[in-house]
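# Structural overview for review
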Amino acid sequence: MSFDLDTVGLMDYDQAIETFDPVMGLEVHVELGTATKMFCACPTDFGGEPNTHVCPVCLALPGAMPAVNRLAVEYAIKIGLALNCEIAEWCRFARKNYFYPDMPKNFQTSQYDEPIAFNGYLDVDVDGEIVRIEIERAHMEEDTGKSLHVGGATGRIHGAEYSLLDYNRAGVPLVEIVTKPIIGTKAAAPAVARAYVGALRDLLLSLGVSDVRMDQGSLRCDVNLSLTPAGNPVFGTRTETKNVNSLRSVERAARYEVTRQAAILAAGGTIKQETRHFEEQSGTTRAGRSKETAEDYRYFPEPDLVPIAPAREWVEELRATLPELPWIRRARLQADWGFTDPEMRDLLAAGGIDLVAETVAAGATPAEAKSWWSAYLGQKANAAGQSLTELPITPVQVAEVVALVNSGALNAKLARQVIDGVLAGEGDPAAVVAARGLAVVSDDSALQQAVDDALAAAPDVADRIRSGKVQAVGAVVGAVMKATRGQADAARVRELVFTTLGVDPEA
Amino acid sequence: MSSPSSSSASSSSTDLTRMTAADLATRIHSGEVSSVEVAQAHLDRIGAVDGDVHAFLHVSGESALSQAAAVDAARANGDTLGPLAGVPLALKDVLVQKGVPTTAGSKILEGWLPPYDATVTTKLIEAGIVILGKTNMDEFAMGSSTENSAYGPTRNPWDLDRIPGGSGGGSAAALAAFEAPLAIGTDTGGSIRQPASVTGTVGAKPTYGGVSRYGVIALASSLDQVGPCARTVLDTALLHEVIAGHDPRDSTSIPQPVPQVVAAVRRGQNEDLSGVRIGVVKQLHSDAYQSGVLSSFDQAVEKFTALGAEIVEVDCPHFEAALAAYYLILPSECSSNLARFDAMRYGLRVGDTGGASAEEVMMATRGAGFGPEVKRRIILGAYALSAGYYDAYYGSAQKVRTLIRQDFEKAYLAADVLISPASPVTAFPIGEKVNDPMAMYLNDLATIPGSLAGIPAMSVPSGLAADTGLPVGLQIMGPALGEEQMYRVAAAFEAAYVAEHGGVVADSAPALATAEVTR
C-alpha cells in the first residue's frame, strides 16, 4: 500500500498535534571561519575559481597526509564550552568510509565515538519562555567538495549528462552540533527548532568562530523529526530533512513533516526512514536517499593522525576568553536600558540590539537611540528592503545627530533631513548640515527680524496675543518657521514673540 | 661456503659499483672521482644487468646525472657537502618524486606524475644524494616476493630464478646486483627486512614515526615506516641519519632528535659487546624456520657470545597471534587507504564511455587496475571493519597488538636488544608460493611482531645457509627509539663477520656479468 501524498494528503496541523507528539533532533553543521582548511594550509574562502584552493592533501593525492589545524580545534573547544559541554581530555578522529566523487579520499575524516565536546545544553527563548535544548555532542569533521551535475532535468546526479567537481570546499573545517531528542514541545516544536537554530547562530557569531551564513552554507541544519502517538514514550521512525537554508525554513520544514507524517500514520501507514529535501518554493519536503538499509560506514580510528588531548590549562584559557553570551548580554542591556520585553523583542527581531548599544556608547540615551533605530531608520530599512545593519549609517553618526538635536542646533524635522543626507552618502552629519545649510537659525537678530515681519504682517494676531490669547502665538511661530524654511528653533521663536509683545505667557 | 649460484666476485678496486657508499662519498669529497662518474658507472651497471634483474621500474638517467653534476659543481665551489653527497640511491616506487613516474607497482597509477616530493625525497635531494630511479615492488607493498608487481617480478641477483623478497624486492636486488650502493625501502610487516635477508643486504625499519611518511603511498598507516637499505651497516646508518627526523606534515612522526646511529656503528665496529644483553625470542625459533636459517642463526648467537654479550632467552607468548592480528589490521587500513584510487582525479580510468555513471567508472577502474592480492586485502579489510564484525576482528586485533607491545616491553627489561632470524626461509623459487597466499604471508612471521609494536628492527646478513647456499638475515630488534643500541650490535656483528670472511656477505654475490648470464 502506498502512502503518497496523493492518497492521504496532509493532516491539519492542530489536529496532528492533538494526535501525535513530535520528537525532533537537530543537527547543525557550522563551517569554521579559520583561514585554512582542517588538515592542510589551503584557504577556506568562499567562491574562487573551481579547484584553485587545493593541494596534495585535500585532493587526496597518493602519499599525502593530514595535519590538524590547531585553530579549528580551538574553535571547536570554544563552541563546546559555550554550549556548556564537557571537553574531552583525549579524543580521536575516525574515518567514515563511503565512495562519492566529491569526497577525494573516499572517506571523510570525522570524529565518531570520541567527540571533542559532549553533554551540554543551550537555553533558548521561545516567545518569552526559556526552553532548554540538550546537546548530545559537538564534533569536528571536514567538508566535502561540490558536484555540479550538468544536463538532465533536476540538477541531480541521476539523469545528468556529466558532472563537474570542485574541491575548493573539500577539507574546510566543520563542527557538527547534535541535540539530544527534543521532546515535549508539542505544538511549539517548529518554533522551538527555529529558536534553537537562531540562538545557536547568535552564539556562534558572538564567539567569532564562523560567519554563520545559512545562504552560503556556512551554517546548515538537518531536521530529524518523528511522531509518536500522544503520550507514548516510544519514538517513531524519523525522517532527516536536509537543504534547510534559513531560520524560516527550519520552522516550515518541521511543520510540514508533522502534517505529512501525521497523515500517513493516521491512514495506518508507516514512515520510511529516509533523507528528505526541503523545497524552499513550495515549503514541502521530498524524498531523497532511502535509509532503510542502514549504510555501513566502516568507521575506524584515523591512523594518520595522533589523538587530540587538549591540555586542561588551554581549555580554561579558552573558557576565560568566551564573550558574554548573547542572551545574558541582552538581559543585562535590557535592565540597563529599562526597555520592556516587547520593546526588546522588537528590537532584537529587527537586528537592532548592537546598533542601539553602540549608539548609546557614542553618547545617546537608550530611548533616543531606540527611537531612531526602530522608528525612522526602521522605516527606511523596510522601504529599502534592507536590514538595519545594512543601512549606510553608523551608530556614531546617529549619536551625532542626537547630540545636535540636544544642543538645539537641529530640530526633529531637520534631524531627519540630516539622517537622509547621511543615508544618501553625503558624509557625516556635520557635513550634511553644512552642505544642506540645515542648521537651526539660532542668531536672535535674524530671528527677531523674522518675528517682527510676521507680527507686522498679522497685526490682528498680535492684538489677540497681547489680549491674553497666548495660544494664538502658534500662527506667528508657524509663519516664522515658514519664512526660515524650518530652520528656526520653534521654542526660541515663541519666546521672542512674547518678549517682543511684552506678554508673559505664564501670567 | 658452497652456493649454487655463487661466482667469484670480480671486485677490482676501481669498480665504482663495488664500493660502499661511505667509500664513494670519501672519494667524491676528496675529488678522486666525480659524482657524475659514479652516477654514470651505476647507470651503466643498470643498463648491463637490469634486463635480467628488473630491480627498476623507472631509471632517471638524465636527472641523476644533472643531480650529480650539481654536487660536483658544489664541491668545486668549495661548498660544504653532506656525508653522502654525490652517492647514488635507488628509491622504492612507493615514495613520490615530483615529475617522476610513481606507480607503487600498480597499473592503477600507470603514467601518473606526482606534482610533489615526499619529505624523504626532499631530504635525499637536499643531502645531494643522486636518485637513480624507482625500484620495483609488490603492488602497493602487498607481498613478500615482488611477484605481485603489476610490472613483472624482480629476480634475486644470487639466483635469478628466485625471488628477491618483498615488497621491497627491487631496492634489495638493486643493492645485491651492485646497481646502487644505497636504497630506500618501506616496511609494513617486513618489506625492508625480509628482502634484505634473502639478498644478503642490510635493511632497517626505524621506530614507527622515526621517518616521515608524507609522500609515501600508504598501505597500512599505523604500520608503514620508511627505512634505509645498503650493503653495509655503516652505509645504512649514514642513510638513516639523512632521512630521519620529525616532520610537521606527518603528525605521527616523533618529535625527537635524529638518533646518532653513525656514532653507534663506529662504537660497534671498535668495541666488543661486553655488558650488552641480547635476547633470543623463544617464539621466533621453531620448526617453522628452515634448518639452514636456524643453523646460521645459532652460529650468530655463538658469535655474540664470543663478542662478550650476555645471551638470554625471552618469552613473548602473544607473538603466536601476531600474524592473525596483522592480517586484520593491515587489510582494514589498506581498504580505506586505497579507496582514493577511483579514476576521478588521477591515474587509470576505465569504462568512461560517456554513458557510464561515476560509480560504474570507479568500479570498472578498480576492477581493472588492482591486482588479485590488492583486491583480496581490500575485501578482507572491508569485511573486518563492517558493522557487527568490527569488535570481533579489528577490535580484537588491536587488543592483540597491545599484548604484543607488552611482551616486548617485558622482554626489554631482560635484554637490550632482541634477535631472531629475519626470514624463516632463504630465497625461494619464483612461482613457488604465488598462488598460496597463506604460505606467502608466513614469510613475515619473524618481522611482523616488531611492526605491530612499532619498535626499530633491522636485518643484517649472518652468512649463507648451509642447506641452500643462499643468504640468511639476522634480525636485531631494539626497544622504541633504541636505534643506537640496535645499530651498535649490528655493526659489532658485521665487523666480526668481515674479520672472519674478509668482506660482507654481499661482496660474495654473483657478479652477474651480462655476457655470462644466459637467460
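Residues numbered from 1 in each chain as written. Chains lettered and ligands numbered in written order. Predicted model: local features only at pLDDT ≥ 70, side-chain atom pairs only at ≥ 80, totals over all residues.

### Let's talk about the overall build of chain B
Just so we agree on the cut-off: Helix and strand definitions follow DSSP, with helices as H or I runs of at least four residues and strands as E runs of at least two, each counted in order from the N terminus. What the globule rule says is 2.2 Å times the number of residues to the power 0.38, and the radius of gyration is computed from C-alpha atoms. Field definition: a residue is buried when 20 or more other C-beta atoms are found within 10 Å of its C-beta, exposed when 12 or fewer are, and partly exposed for counts in between, with C-beta atoms placed from the backbone. With C-beta atoms placed from the backbone, a contact is any residue pair whose C-beta atoms sit within 7 Å.
A count of helical and extended segments in chain B gives 16 helices and 11 strands. Against the compact-globule benchmark of 24 Å for 519 residues, chain B has a radius of gyration of 22 Å, which places it among compact chains. With respect to the principal axes defined by its C-alpha atoms, chain B has extents near 65 × 55 × 50 Å. Expressed as a percentage of its 519 residues, the buried residues of chain B come to 62%. Looking at chain B alone, contacts between residues at least 24 apart form 77% of all its contacts between residues at least 6 apart.

### Considering the sheet that holds strand 5 (residues 202–205) of chain B
All names here are of chain B. Here is the rule: When DSSP finds at least two bridges between two strands, those strands are taken to pair. As a rule, the C-alpha atoms of each element are fitted with a line to give its axis, helices using only the stretch in contact, and angles between N-to-C directions run from 0 to 180 degrees.
With mixed pairing, 11 strands are arranged side by side in an open sheet as 1-3-2-4-6-5-10-11-9-7-8. The outermost strands of the open sheet, each flanked by one partner alone, are strand 1 (56–59) and strand 8 (310–314). Shown here is a sheet whose adjacent strand axes are inclined to one another by a mean of 30°, direction ignored. Sheet topology places strand 7 (residues 277–281) next to strand 9 (residues 417–421); three bridges connect them, and they run parallel. Across the sheet, residue Val-280 finds its bridge partner in strand 9, namely Ile-419. Running over the sheet, helix 5 (residues 169–176) touches strand 1, strand 2 (88–92), strand 3 (130–135), strand 4 (182–187), strand 5 and strand 6 (225–230) and is turned about 155° from strand 4. Sheet strands in contact with helix 7 (residues 233–243) are strand 4, strand 5, strand 6 and strand 10 (457–464), and its direction is about 145° off that of strand 6.

### Describing helix 16 (residues 473–483) of chain A
Residue and element names in this part refer to chain A. The complete set of buried residues in helix 16 reads Val-473, Val-476, Ala-479, Val-480 and Met-481. For helix 16, the secondary structure elements touched by its buried residues are helix 14 (444–457), helix 15 (459–466) and helix 17 (490–501). Looking one or two residues beyond helix 16, the residue adopting positive phi is Arg-485, at roughly 50°.

### What about the interface of chain A and chain B?
Just so we agree on the cut-off: Residues are sorted three ways: Asp, Glu, Lys and Arg are charged, Ala, Val, Leu, Ile, Met, Phe, Trp, Tyr, Cys and Pro are nonpolar, and all the rest, Gly among them, are polar.
Counting residues at the interface gives 26 residues for chain A, matched by 33 residues for chain B. Counting residues per element, the ones that place at least two in the side of chain A that touches chain B are strand 3 (94–97) and strand 8 (162–166) of chain A. Counted by class, the side of chain A that touches chain B contains 17 nonpolar, four polar and five charged residues.

### With respect to unusual backbone geometry
Residue B:Ser167 follows B:Gly166 across a cis peptide bond; omega there is 5°. When you line up the elements, B:Ser167 lands in the loop between strand 3 and helix 5. The backbone phi angle of A:Asn243 is positive, close to 65°, even though this residue is not glycine. For A:Asn243, the location among the structural elements is in strand 11 (residues 239–244). The backbone of B:Phe140 shows a phi angle near 50°, a positive value even though the residue is not glycine. When you line up the elements, B:Phe140 lands in the loop between strand 3 and helix 5.

### Brief notes about the packing of helix 10 (residues 322–337) of chain B against helix 12 (residues 372–385) of chain B
Residue and element names in this part refer to chain B. We apply this condition: In these notes the angle categories are as follows: under 35 degrees is roughly parallel, over 145 is roughly antiparallel, 65 to 115 is roughly perpendicular, and the rest is oblique.
Two elements in contact, helix 10 and helix 12, have axes whose closest approach is 7 Å; the angle formed by their N-to-C orientations is 100°. Taken together, the axis directions place helix 10 and helix 12 in an arrangement best described as roughly perpendicular. Between helix 10 and helix 12, the residues in contact are Leu-328, Leu-330, Pro-331, Ser-332, Glu-333, Cys-334 and Ser-335 and Arg-377, Ile-378, Leu-380, Gly-381, Ala-382, Ala-384 and Leu-385, respectively.

### Here's the deal with the nonpolar core
This is how it is decided: Each nonpolar core reported here comprises buried Ala, Val, Leu, Ile, Met, Phe, Trp, Tyr and Cys residues connected via C-beta atoms within 7 Å.
Counting residues in hydrophobic clusters, the biggest one holds 253 residues, and the most contacted among them are A:Ala76, A:Ile79, A:Tyr196, B:Leu89 and B:Ile476. Examining the composition of this core, we find that 11 residues originate from one element, helix 4 (residues 189–207) of chain A, more than from any other. When neighbours within four sequence positions are excluded, A:Tyr196 is seen to be in contact with A:Leu26, A:Leu122, A:Val124 and A:Ile133. In this structure, A:Leu347, A:Val418, A:Val440 and A:Ala454 belong to the second largest nonpolar core, which totals 44 residues.

### Structural notes on the confidence of the model for chain B
Low pLDDT means the predicted atomic positions in that stretch should not be read closely. Residues and elements named next belong to chain B. Note the following rule: What pLDDT conveys is the predictor's confidence in a given residue, as a value from 0 to 100.
Residues of chain B with pLDDT of at least 70 account for 96%, and the chain-wide mean is 95. Across residues 1–13, where pLDDT falls below 50, the model places 22 contacts with residues more than four positions away in sequence or in other chains. Confidence over residues 515–519 falls short of pLDDT 50; this stretch has four contacts with residues more than four positions distant or in other chains.

### Considerations on the domain arrangement of chain A
Formally: Here the bounds of each domain stem from an automatic or database domain assignment.
According to the domain assignment, chain A contains domain 1 (5–314), domain 2 (324–436) and domain 3 (444–501). A straight line from the C-alpha centre of domain 2 of chain A to that of domain 3 of chain A covers 33 Å.

### Regarding the environment of A:Trp90
All names here are of chain A. On the secondary structure map, Trp-90 appears in the loop between strand 2 (86–87) and strand 3. On the basis of neighbour counts, which here come to 9 C-beta atoms within 10 Å, the residue Trp-90 falls in the exposed class. Sequence-wise, Trp-90 and Asp-222 are 132 residues apart; in three dimensions their C-alpha atoms are separated by 28 Å.

### Here's the deal with helix 9 (residues 353–361) of chain A
Residue and element names in this part refer to chain A. To be explicit about the condition: This arc describes the spread of directions from the helix axis toward the C-beta atoms.
Buried residues of helix 9: Ile-353, Leu-355, Val-356, Thr-359 and Val-360, and no others. All buried residues of helix 9 fall inside an arc of 165° around its axis, so they share one side. In this structure, the buried residues of helix 9 make contact with helix 7 (326–337), helix 8 (341–349), helix 10 (366–384) and helix 11 (395–406). One or two residues past the end of helix 9 sits Gly-363, with phi positive at roughly 120°.

### Re the packing of helix 9 of chain A against helix 11 of chain A
All names here are of chain A. Let me state the cut-off plainly: The handedness criterion is simple: a crossing whose near helix is rotated anticlockwise from the far helix by less than a right angle is left-handed, and one whose near helix is rotated clockwise is right-handed.
Running from N to C, helix 9 and helix 11 cross one another at 50°; their axes reach a closest spacing of 8 Å. Between helix 9 and helix 11, the crossing angle belongs to the class labelled oblique. Remark: the crossing between helix 9 and helix 11 carries right-handed chirality. Along the contact surface, helix 9 presents Leu-355, Glu-358 and Thr-359, while helix 11 presents Pro-395, Val-398 and Ala-399. Here the residues of the contact of helix 9 with helix 11 sort into four nonpolar, one polar and one charged.

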